[in-house]
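Descriptive structure summary
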There are 4 protein chains.
Amino acid sequence: MLNVGVIGYGYWGPNIVRNFSSLDGARVVAVCDRNQNSLRQAARAFPAVRPTDDCNEIVAAPDIDAVAVITPVSTHYELAKKALQNGKHVFVEKPFTASVAQAEELIEIAERKALKIMVDHTFLFTGAVKKMKQLIDDDMLGELYYYDSTRVNLGIFQHDVNVIWDLAPHDFSVMDYLVPQRPSAVAACGKAHFNGLEDMAYITVHLGGNMIAHFNVNWLSPVKIRSTLIGGEKKMLIWNDVDADEKLKVYDKGVEIVNNEGIYDLLVSYRWGDVWVPRVDQVEALRLEADCFLDCIVNDKTPVNDGHAGLRVVKLLDACNVSLRNGGRLVTI
Amino acid sequence: MLNVGVIGYGYWGPNIVRNFSSLDGARVVAVCDRNQNSLRQAARAFPAVRPTDDCNEIVAAPDIDAVAVITPVSTHYELAKKALQNGKHVFVEKPFTASVAQAEELIEIAERKALKIMVDHTFLFTGAVKKMKQLIDDDMLGELYYYDSTRVNLGIFQHDVNVIWDLAPHDFSVMDYLVPQRPSAVAACGKAHFNGLEDMAYITVHLGGNMIAHFNVNWLSPVKIRSTLIGGEKKMLIWNDVDADEKLKVYDKGVEIVNNEGIYDLLVSYRWGDVWVPRVDQVEALRLEADCFLDCIVNDKTPVNDGHAGLRVVKLLDACNVSLRNGGRLVTI
Amino acid sequence: MLNVGVIGYGYWGPNIVRNFSSLDGARVVAVCDRNQNSLRQAARAFPAVRPTDDCNEIVAAPDIDAVAVITPVSTHYELAKKALQNGKHVFVEKPFTASVAQAEELIEIAERKALKIMVDHTFLFTGAVKKMKQLIDDDMLGELYYYDSTRVNLGIFQHDVNVIWDLAPHDFSVMDYLVPQRPSAVAACGKAHFNGLEDMAYITVHLGGNMIAHFNVNWLSPVKIRSTLIGGEKKMLIWNDVDADEKLKVYDKGVEIVNNEGIYDLLVSYRWGDVWVPRVDQVEALRLEADCFLDCIVNDKTPVNDGHAGLRVVKLLDACNVSLRNGGRLVTI
Amino acid sequence: MLNVGVIGYGYWGPNIVRNFSSLDGARVVAVCDRNQNSLRQAARAFPAVRPTDDCNEIVAAPDIDAVAVITPVSTHYELAKKALQNGKHVFVEKPFTASVAQAEELIEIAERKALKIMVDHTFLFTGAVKKMKQLIDDDMLGELYYYDSTRVNLGIFQHDVNVIWDLAPHDFSVMDYLVPQRPSAVAACGKAHFNGLEDMAYITVHLGGNMIAHFNVNWLSPVKIRSTLIGGEKKMLIWNDVDADEKLKVYDKGVEIVNNEGIYDLLVSYRWGDVWVPRVDQVEALRLEADCFLDCIVNDKTPVNDGHAGLRVVKLLDACNVSLRNGGRLVTI
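Residues numbered from 1 in each chain as written. Chains lettered and ligands numbered in written order. Predicted model: local features only at pLDDT ≥ 70, side-chain atom pairs only at ≥ 80, totals over all residues.

A few words on the overall build of chain A. A count of helices and strands for chain A gives nine helices and 15 strands. The C-alpha radius of gyration computed for chain A amounts to 21 Å, which stays within 12% of the reference 20 Å derived for 333 residues, consistent with globular compactness. Counting only C-alpha atoms and orienting by the principal axes, one finds that chain A spans roughly 75 × 45 × 40 Å. Looking at chain A residue by residue over its 333 residues, the buried ones come to 50%. (Helix = DSSP H or I, 4+ residues; strand = E, 2+ residues; numbered from the N terminus. Rg over C-alpha atoms; globule rule 2.2 N^0.38 Å. Buried ≥ 20, exposed ≤ 12 C-beta atoms within 10 Å, placed from the backbone.)

Spelled out as structure tokens, the structure:
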């Protein structure tokens, strides 16, 4: 039985407690939050859990095996470091850390002490992303041309990070998981209309093999759009996360240059075939992720969303900030 | 009665001939194309029109008052110049010219000879764009925050221009018409996967007053998306051009910083109100545009899509090319 | 403080317990189910609630003021009757009873003993239905022409009732609430493809004032459709319950006979105006309904979904069965 | 070369003239309409065609081989009869005739004189219907359970026929083509809100093999819906004719009774698989239909939409009228 302590019981914390509580091999023994109202809600919803407003009662508790850090990003490093130093495995909310150096240090400590780090890249455990991973691994899309992501809505303004650090970790982690090519350079531009933090931004990531990725993130959109287009040589697909029934559509469409000696119209051939909407698994992603964390600890496995995956996302976020501060200049990774 | 000669009878030319023919005050007297098959089709569809494969029989014909240049952009300058020099008004397909200098010279000739130039920015004459213009002019959106446009589909690859020069003129001309702020700088990046011409690109335009515009153009998308989000202080809207019935939706949604001294959650106020789908005029835009061209000639008016509007679009396109060739660097307009 | 006992902890029971538990003025003191596994789940989710498999421990418990009957319809009458006879207010799952006589008897007992009956017509408490009620009461739609409802999906087959008794109570209760005209006759036809109970059916209800209503209910549809069209003289509307953001659309569209002396085309006038998507309240309907039940008991009010409303729905269901057994014959109400 | 004469140049006539004109093996030699304005439009659009306001100049013209009757249904019988008696093949707008007897007489004349009748059931030549025909013929859907059609919008009110005779012929002809079972009985109900002709109606058709069909036709709907659900044992499909890109969706969904001895939940098995959107042919249906008419005449073939198909549709329409006049009573075919 894995004993879990959870730090942070705000928007996302309750889901973490609920899912770790639902596992046969784990239980949540303590929850920490500085907000007394949040603690009262935790106590009411989970009477068996020990509430505390002192994080040291989590990171240093003898009866706790693993700590979930579900707090603002600025606190991740310090809390995760304490937990690791006390011999706890850590589950850290995305983004992993506020800087590349912090992520590298946490990875180093965990590896030295043979502890597990999992970064909460929840989307990797959704049915749609797992199906896309399978399609790409099976080479159904062929050579990849582009990855084009839009994640916008009238969002909850964050007060410590800009829209890139809030929304892009979802998409960076999915791209990192799906696309074999590695980022070589990043450019980002955005605008802050209210509190000095960018509330909308556009990010371009150049990858190996002539591939390009683009991310549109926006807290100021009247509609909620969460869609990703992936264009490949053999097939193209759309992942529309707000569509309840048809989250994934695979298009047998494409373009071929039949004869690239000339430049005339007739030499381009278009393919317009069927569309396929594969059934995707509807199990709650966070439940599968919690289960994976438990399995990695018990059976000494490495999760796909380990500290290194978290670090790769932080490197992209960090490069975005450098580019933002330099007028959208291309920043080499 | 305005006598019109049309040069170019490919994809778009038949629509031009049909619409100018349908006006009470105009008639198409001659059509020119180098392709004999196209000429035969013109002769069958419009028996009263004189077919020719020599453009001089149009630009220099004594019985022709106005010339429509519906040819690839590389030929616009030469054909329009000849027509103007022969005292003809000109209607030029978008984009106006292949360079800023060409556009400026054509404007100069036309003004000197008191002739009209109209650039075929057809979208300005659609019901949706006219309605948006009215909403913005009436200050219903308040201060504008952003203009975010997507125009993608499995497109007809062009062989003389990249996807920016093919698709972005539509959106640049609409933004130019709707948004009072003027562009100050442009950045563009894209990829060419086939014939050396970019088949997908992302463009950012910085405008006065902290406003930003972004354009996603792509010939390699499995789905056809033509949508524009405009975010304003008071209201936000979507123009979805592929929706037959609800092309325009106006959202009474927004964000206000109630108290900008602090940075805490409670100080941001969200507004979630009704949505309004205004009825938009369904008359064929090209017909209204042809009618406007006639009216401007007969009554000596200046169209909104005159040579200067065409030039402003060409300046943006030109800056995109400079940015593309310089790794996405920001290019001042 | 109202003490509530809940009988039936299957699919819907947990929502009932959760919502009554969340009210300040009520608490759930006991839950009854014959299924031990369901009882264990209730005990785990609501540790403070007394579990029992004997319904008499609910209907006759001295500390219980109101009983929620969330069981199959065949048991409603007996359980509600016992509860009423023991002086408990009752909240009964839809449909109210299995027959008209049962409903009438329960109403009679409740009125004699000054007890409240509420039938769980949850949809009456949704934001969309409340907004439609307001629009119709304000005469925004004008004279009503028709009510056309579709409620289909690959549904959970019931084993005690056909698709009409399962799905149509939702729509009958909404129509009963919204439409001032009263039903005069009903016709129903359907097919049973599997277990002898109709899995799809079409129902026509004739109402006063030349109005007609139609209901399409189907457990065998590959897609989930829950939409209702209401046509009126002044305006028309769609209630699309599966649309997360635009549940209600009001169309300024219509037809007028300008001159009904002749029968020529020009004398019909069509109106194509704007569409309006009113914001609707997003509060959980069942919570509002539970709150209303409490309020009616405490303050001696009559809910819209009282026993008489439940009876009107049962009369329609009963007429459907008669029509089904007589080849779709029109049955007078 | 087949010489065609067209009677009726109103809403649909121009499409008939255009499509027959575009065939290599046919030409339109004459057009008849009583409305002089329509004749002028025909003359302008098709200068080579002989205009006339006397239908005898079509049905009796020595140079005409086939007559297209594109007039109101009340005139079909007389015009088609004259044409057949003069030895012309006939192409008749749907519905074929105003009565069963008329249809039977026309078929008899045509067969006696070895002439072709084609009824303009255009939908049979669309890519979507042809694809559905193939799927059903290949037994991909398995045993058919139901056919559920909705064809509603703010329609053009007809002045000679009710909404059933206007809209249902489309759907009756498609069902007749796709579904192997034959209708055994029909029930219809509707309402006339304006000019005494039903402007909305619901039709139920009982077919062999426990199959049922239902048709919702309405001229008073604020939205345009043209969708048909077909439920089968193995697969289910939706034909959504207003969706430009995904007209046909095939669902690998269904229900199976695993063990029909009992009536418990667990014995029903649900299948939720992939969705498949087959590419459908985009060629104009009317062009293919015109081509088929020509082919049938030249090569002495029988079209699927021959007089007998037209008669079957008229029998359904006629039964609808009988049912309408008898309070929705089931009428045996």
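Contacts between the two partners involve 38 residues from chain B and, on the opposite side, 38 residues from chain A. Elements that contribute at least two residues to the side of chain B that touches chain A include exactly strand S7 (144-154), strand S8 (183-191), strand S9 (200-207), strand S10 (212-218), strand S11 (220-232), strand S12 (236-240), strand S13 (248-257) and strand S14 (268-277) of chain B. (Contact = placed C-beta atoms within 7 Å.)

A word on the confidence of the model for chain A. All names here are of chain A. Looking at chain A, the pLDDT average stands at 94 and 97% of residues meet or exceed 70. Here residues 262-266 is a poorly scored stretch, pLDDT under 50, and it has five contacts once near neighbours within four places are set aside; other chains count. Both confidence scores are given for the complex: pTM 0.94, ipTM 0.94. (pLDDT = per-residue confidence, 0-100.)

Turning our eyes to something else, we now look at unusual backbone geometry. Omega for the peptide link from lysine 94 of chain A to proline 95 of chain A comes to -10°, which places this bond in the cis form. Counting through the fold element by element, proline 95 of chain A comes out in the loop between strand S5 (89-93) and helix H5 (100-112). For aspartate 300 of chain B, which is not glycine, the phi dihedral falls at a positive 50°. Here aspartate 300 of chain B lies in the loop between helix H8 (285-298) and helix H9 (307-324).

When the parts of a complex come together, some accessible area is lost, and that lost area is often used as the size of the interface. Residues and elements named next belong to chain A. Looking at chain A, the domain boundaries give domain 1 (2-115) and domain 2 (124-282 + 316-332). One C-alpha centre belongs to domain 1, the other to domain 2, and the line joining them spans 31 Å. Contact residues are listed per partner, giving seven residues for domain 1 and seven residues for domain 2. Residue composition of the side of domain 1 that touches domain 2, grouped by class: four nonpolar, two polar and one charged. (Domains from an automatic or database assignment. Nonpolar A, V, L, I, M, F, W, Y, C, P; charged D, E, K, R; others polar.)

When chain B is fitted to chain A, the best match, at an RMSD of 0.0 Å, comes from turning it 180° and sliding it 0.0 Å along the axis. Such a combination of rotation and displacement between the chain copies is what one expects of a two-fold axis. Residues of chain B ranked by C-alpha distance from the rotation axis are headed by arginine 329 of chain B, positioned 3.1 Å from it. Residue by residue, 100% of the interface of chain B is reproduced at the interface of chain A, so both copies engage with the same surface. (Least-squares fit on C-alpha atoms with pLDDT ≥ 70 in both.)

All right, on to the sheet that holds strand S2 (residues 26-32) of chain B then. Residues and elements named next belong to chain B. Ordered by their spatial adjacency, six strands build an open sheet running S3-S2-S1-S4-S5-S6, and the pairing between neighbours is parallel. In this open sheet, the two edge strands, each paired with only one partner strand, are strand S3 (50-52) and strand S6 (117-120). The average angle at which neighbouring strand axes cross in this sheet is 20°, direction not considered. As defined by bridge partners, S2 adjoins S3 across three bridges and the pair is classed as parallel. Counterpart to valine 31 in the pairing with S3 is proline 51. (Pairing = 2+ DSSP bridges. Axes fitted to C-alpha atoms, helices over the stretch in contact; angles between N-to-C directions.)

Time to look at the sheet that holds strand S4 (residues 66-69) of chain D. Residues and elements named next belong to chain D. Strands sit in the order S3-S2-S1-S4-S5-S6 across an open sheet of six strands; the sheet is parallel. Edge positions in the sheet fall to strand S3 (50-52) and strand S6 (117-120), since each has one partner strand and no second. Averaged over all adjacent pairs, the angle separating strand axes in this sheet is 20°, with direction ignored. Docked against the sheet, helix H4 (residues 76-85) engages strand S1 (2-7), S4 and strand S5 (89-93), running at close to 165° with respect to S5.

Attention now moves to helix H7 (residues 163-178) of chain C. All names here are of chain C. The end-to-end C-alpha distance of H7 is 23 Å, a good match for the 22 Å that 16 residues give at a rise of 1.5 Å each. Taken as a whole, H7 carries its principal kink of about 40° at proline 169. When you tally the buried positions in H7, you get 15 out of 16 residues, the bulk of the element. (Expected span 1.5 Å × (residues − 1). Bend = angle between axes of the 7 residues up to and from the residue.)

Residue and element names in this part refer to chain C. Residues Ala66 and Ala68 point to one face of strand S4 (residues 66-69) and Val67 and Val69 to the other, with burial holding for every one of them. In the sheet, strand S1 (residues 2-7) pairs with S4 via four bridges, with the strands oriented parallel. Across the sheet, residue glycine 5 finds its bridge partner in S4, namely valine 67. Direction of pairing for S4 relative to strand S5 (residues 89-93): parallel, over a ladder of four bridges. Of the residues in S5, the one forming a bridge with valine 67 is valine 90. At this point the chain moves from S4, through helix H4 (residues 76-85), to the parallel S5, and the crossover so formed is right-handed. (Right-handed = clockwise from strand over helix to strand, strands pointing away.)

Turning next to the pairing of strand S9 (residues 200-207) of chain C. All names here are of chain C. Burial of S9 is extensive: eight of the eight residues sit out of reach of the surface. Side chains Met200, Tyr202, Thr204 and His206 of S9 all project onto a buried face; the interleaved residues Ala201, Ile203, Val205 and Leu207 project onto the opposite face, where all are buried too. Sheet topology places strand S8 (residues 183-191) next to S9; eight bridges connect them, and they run antiparallel. Each residue of the ladder has a partner; that of valine 186, found in S9, is valine 205. Here S9 runs beside strand S10 (residues 212-218); their pairing, made up of seven bridges, is antiparallel. The partner of methionine 200 across the bridge, within S10, is asparagine 218. Hairpin remark: S9 followed by S10, antiparallel, with four residues in the connecting loop; positive phi at glycine 209, about 70°.

With that out of the way, let us pick up the packing of H7 of chain C against helix H9 (residues 307-324) of chain C. Residues and elements named next belong to chain C. The contact between H7 and H9 brings their axes to 9 Å, and the two run at 130°. It follows from the interaxial angle that H7 and H9 lie oblique. Helix-helix and strand crossings are classified by hand; for H7 and H9 the assignment is right-handed. Residues Ile164, Trp165, Ala168, Pro169, Phe172, Ser173 and Asp176 of H7 lie in contact with H9, whose contacting residues are Ala309, Arg312, Val313, Leu316, Leu317 and Cys320. Across the contact of H7 with H9, the residue classes tally to ten nonpolar, one polar and two charged. (Parallel < 35°, antiparallel > 145°, perpendicular 65-115°, else oblique. Left-handed = near helix turned anticlockwise from the far one by under 90°.)

A few words now on the environment of lysine 301 of chain A. All names here are of chain A. Mapping lysine 301 onto the fold places it in the loop between helix H8 (285-298) and helix H9 (307-324). For lysine 301, a count of 11 C-beta atoms within 10 Å translates into the label exposed. Sequence separation of lysine 301 and alanine 114 is 187 residues, and the distance between their C-alpha atoms is 11 Å.

Moving on, we get to the environment of valine 242 of chain A. Residues and elements named next belong to chain A. For valine 242, the position within the fold is in the loop between strand S12 (236-240) and strand S13 (248-257). Separated by 17 residues in sequence, valine 242 and isoleucine 225 have C-alpha atoms that sit 7.0 Å apart. Ignoring any residue separated from it by four or fewer positions in sequence, one finds valine 242 in contact with Lys224 and Arg226.

This next bit is on the environment of leucine 39 of chain C. Residues and elements named next belong to chain C. Relative to the assigned elements, leucine 39 resides in helix H2 (residues 36-45). Judged by the 17 C-beta atoms lying within 10 Å of it, leucine 39 falls in the partly exposed class. The sequence separation of leucine 39 and threonine 52 amounts to 13 residues, and the corresponding C-alpha distance is 7.3 Å.

Turning our eyes to something else, we now look at the packing of helix H6 (residues 127-137) of chain B against helix H7 (residues 163-178) of chain B. Residues and elements named next belong to chain B. Between H6 and H7, the shortest axis-to-axis distance is 9 Å and the interhelical angle comes to 30°. By the angle between their directions, the pair H6 and H7 is classed as roughly parallel. The element H6 and its partner H7 pack so that their crossing is right-handed. Contacts between H6 and H7 involve Val129, Met132, Lys133 and Ile136 on the former and, on the latter, Val174, Tyr177 and Leu178. Its residues assigned to classes, the contact of H6 with H7 comprises six nonpolar, no polar and one charged.

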